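In case you want the letters, here they are:
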Amino acid sequence: MFETLQKATLDKIFVLMAEYAADPRANKIDLGVGVYKDPQNNTPIMSAVRKAEQRILDGAKTKTYKGVVGNKEFSAGIVDLALGGVVDATRIRTVNGAGGTGALMILMQVLGRARPKGRIFISDPTWPNHIPLAENANLTVHYYPYFDPATRQVDFGAMMKVVDTLTGDDVVLLHGCCHNPTGANLTPAQWDAVVESLQRTGAFPLVDLAYLGFGDGLVEDAYGVRKVAASLPECMIAFSASKNFGLYRERAGVAIAIARDAAAADVVSSQMQNIIRGTISQTPDHGAEIVRVILEDKALRAEWETELTQMRERMKRLRVKLADAIRRKSNSKDFDFIATHSGMFSLLGLPQSVVEKLKTEDGVYMINDSRINVAGIPEDRVDELADYLIAAAG
Ligand SMILES: Cc1ncc(COP(=O)(O)O)c(C=O)c1O
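Residues numbered from 1 in each chain as written. Predicted model: local features only at pLDDT ≥ 70, side-chain atom pairs only at ≥ 80, totals over all residues. Heavy atoms only, no water.

Draft legend 1. Region of interest: the domain arrangement of the chain. Split into domains, the chain comes out as domain 1 (10–44 + 300–393) and domain 2 (50–296). One C-alpha centre belongs to domain 1, the other to domain 2; they are set 26 Å apart. On the domain 2 side, the residues contacting the 29 residues of domain 1 number 33 residues. Summed over both sides, the interface of domain 1 with domain 2 buries roughly 2,600 Å², with 58% coming from carbon and sulfur. Of all residues in domain 1, L300, R301 and W304 bury the most surface against domain 2, accounting for 25% of the area lost on that side. Inspection of the domain 1/domain 2 interface yields 2 salt bridges. (Domains from an automatic or database assignment. Contact = heavy atoms within 4.5 Å. Buried area = accessible area lost by both parts, 1.4 Å probe. Salt bridge = Lys/Arg side-chain N within 4 Å of Asp/Glu carboxyl O.)

Draft legend 2. Looking closely at the packing of aromatic side chains. Inspection of every chain in the model, using the stated rule, returns 6 aromatic pairs. Seen in terms of ring centroids, Y211 and F345 are 5.8 Å apart; in terms of plane orientation they differ by 85 degrees. Their pairing is edge-to-face. Of this pair, Y211 sits in the loop between β8 (204–209) and α8 (223–231) while F345 sits in strand β11 (residues 345–347); the two residues are 134 residues apart in sequence, bridging distant segments of the chain. Take Y211 and F345: they sit in the same class, and that class is buried. Ring centres of F245 and W304 lie 4.2 Å apart, and the angle between their planes is 5 degrees; this geometry places the pair in the stacked category. Here the residue F245 occupies a position in the loop between β9 (235–240) and β10 (252–258), and W304 occupies one in helix α11 (residues 298–330), the gap between them amounting to 59 residues. Note on accessibility: F245 and W304 belong to one class, buried. What links up through ring pairs into an aromatic cluster is the set Y36, Y211, F214 and F345. The side chain of K28 reaches across the aromatic face of Y20, ending 4.5 Å from its centre. Over the aromatic face of F345 sits the side chain of R371, whose NZ or CZ is 3.7 Å from the ring centroid. (Phe/Tyr/Trp six-rings, centres within 6.5 Å; stacked < 30°, edge-to-face > 60°. Helix = DSSP H or I, 4+ residues; strand = E, 2+ residues; numbered from the N terminus. Buried < 20%, exposed > 50% of the residue type's maximum accessible area, 1.4 Å probe, protein only. Lys NZ or Arg CZ within 6 Å of the ring centre and 35° of its normal.)

Draft legend 3. Seen up close, the nonpolar core. Grouped together as the largest cluster of nonpolar side chains are 101 residues, with contacts concentrated most on W304 and L322. Among the elements that take part in this core, α11 stands out by supplying 10 residues, more than any other. No fewer than three residues from each of domain 1 (10–44 + 300–393) and domain 2 (50–296) sit in this core. Apart from residues lying up to four places away in sequence, W304 is in contact with M46, A48, L81, L218, N244, F245, I294 and L295. Grouped together as the second largest cluster of nonpolar side chains are 29 residues, I120, L133, A137 and L139 included. (Core = buried A, V, L, I, M, F, W, Y, C linked by side-chain atoms within 4.5 Å.)

Draft legend 4. Quick peek at helix α4 (residues 99–114). Look at α4: 23 Å from first C-alpha to last across 16 residues, which is about the 22 Å you get at 1.5 Å a residue. Here α4 has its buried residues at G99, G100, G102, A103, L104, I106, L107, M108, V110, L111 and G112. (Expected span 1.5 Å × (residues − 1).)

Draft legend 5. Inspection of the pairing of β10 at higher detail. Burial runs high along β10: 7 of the 7 residues are buried. Going residue by residue along β10, you find A252, V254, I256 and I258 tucked away on one face and G253, A255 and A257 tucked away on the opposite face as well. Note: strand β2 (residues 92–98) against β10, 7 bridges, orientation antiparallel. In the strand pairing of β10, A98 is matched with A252. Sheet analysis places β9 next to β10, joined by 6 bridges and oriented antiparallel. Each bridged residue has a counterpart across the sheet, and for I237 the counterpart in β10 is I256. (Pairing = 2+ DSSP bridges.)

Draft legend 6. Representation of the UniProt feature "domain: Aminotransferase class I/classII large" (unreviewed entry) in the chain in the model. Look at the UniProt record and you will see "domain: Aminotransferase class I/classII large" (unreviewed entry) annotated at residues 27–389. Taken end to end, residues 27–389 is 45% helix and 16% strand, and its two terminal C-alpha atoms sit 15 Å from one another. (UniProt positions renumbered as here; feature names shortened; annotations may be inferred.)

Draft legend 7. Just the site of the ligand, in detail. Close contacts around the ligand come from G99, G100, T101, W127, N180, D208, A210, Y211, S240, S242, K243 and R251, and that covers them all. T101 is positioned with one of its side-chain polar atoms (N or O) 2.5 Å from an oxygen atom of the ligand. At 2.7 Å, a side-chain N or O of R251 approaches an oxygen atom of the ligand. Counting residues per element, the shell around the ligand draws most heavily on α4, which supplies 3 residues. Residue classes in the shell around the ligand are distributed as 3 nonpolar, 6 polar and 3 charged. (Near = heavy atom within 4 Å. Polar contact = N/O pair within 3.5 Å; in protein donor to acceptor, adjacent residues only side chain to side chain. Nonpolar A, V, L, I, M, F, W, Y, C, P; charged D, E, K, R; others polar.)

Here you go:
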């Protein structure tokens, strides 16, 4: 049987993680992996999560199946967090996903059923997994330009030149906030312009919301998704609780579909449930239940928000420190963009040869395309990292 198979390619990030783990140098720096890091370079369990988990352990009476749509209270809490009541609940349907990726899988498969081989426009560059997710869902991947390598900001003119040409049969995938990999994000005015374009063309937005609260705040980061949901008759949102609740391996996510009316929403819901039933039958609940407990309890929710704020502020501080150190040492503003980006990532715009040199000579690991995870910046070694980057960038 297996002789007919060829070796499939794995995401390069896993190769990089293995290389980093095997590197014996004590002074190595991991800016590669896409998870939050605390000052001790750990990805901690948030204290609100620990408390919620304990409560579940003490109070749970069964592990029986939850039902195909998953944990409804978790989904309702996430809808409230992401949308803040801007859409009438009668038009919204949700199912749980196995993480944000699972939510994207379900939503894209629904879109692939609605428009077999239909075009989905994805930002160039994007999170690499968007592409196989779309292809596996019978969608045809196209790109819109997003990043200007000269300014390291969004090339909004180039983006809109493509977005304005979309049709009512097209899907456009938008990063809700904290763009991965670039760290460059749409301003509120730019979101408004995108939404105006979608109103004109009828193109369908799918918003990937994997980092809510990692950029400027829970409400601030929701500007785009709320604008889309409030202004357009239909949209979808893939929410991930992996980063903002630190629940990575628990696979907590929500697939949200917003339809024109309740009847259309019921049809979409049946499709989402049909996809779950025919693939994994039921979605994981442990992470979902943790989030539900946190969101429904005033004190735990406040504790979670405080922790999330601390994480966000730490990432912002590291951004400013690195940008300042590079400016001070090189007398150039070339890396100032690191401080203006938001979220966990910045795309440095370095050639692959330089990325390779940083890894082999200095032990500084980043993704091939020169994406760094700012949470991995060692706060006490910012000057050293600045030196490496200045020397490498030449
Ligand atoms: C842009 C983007 N979307 C979705 C996800 C999905 O995350 P998860 O499936 O771990 O919840 C990620 C994770 O890295 C991401 O960066």
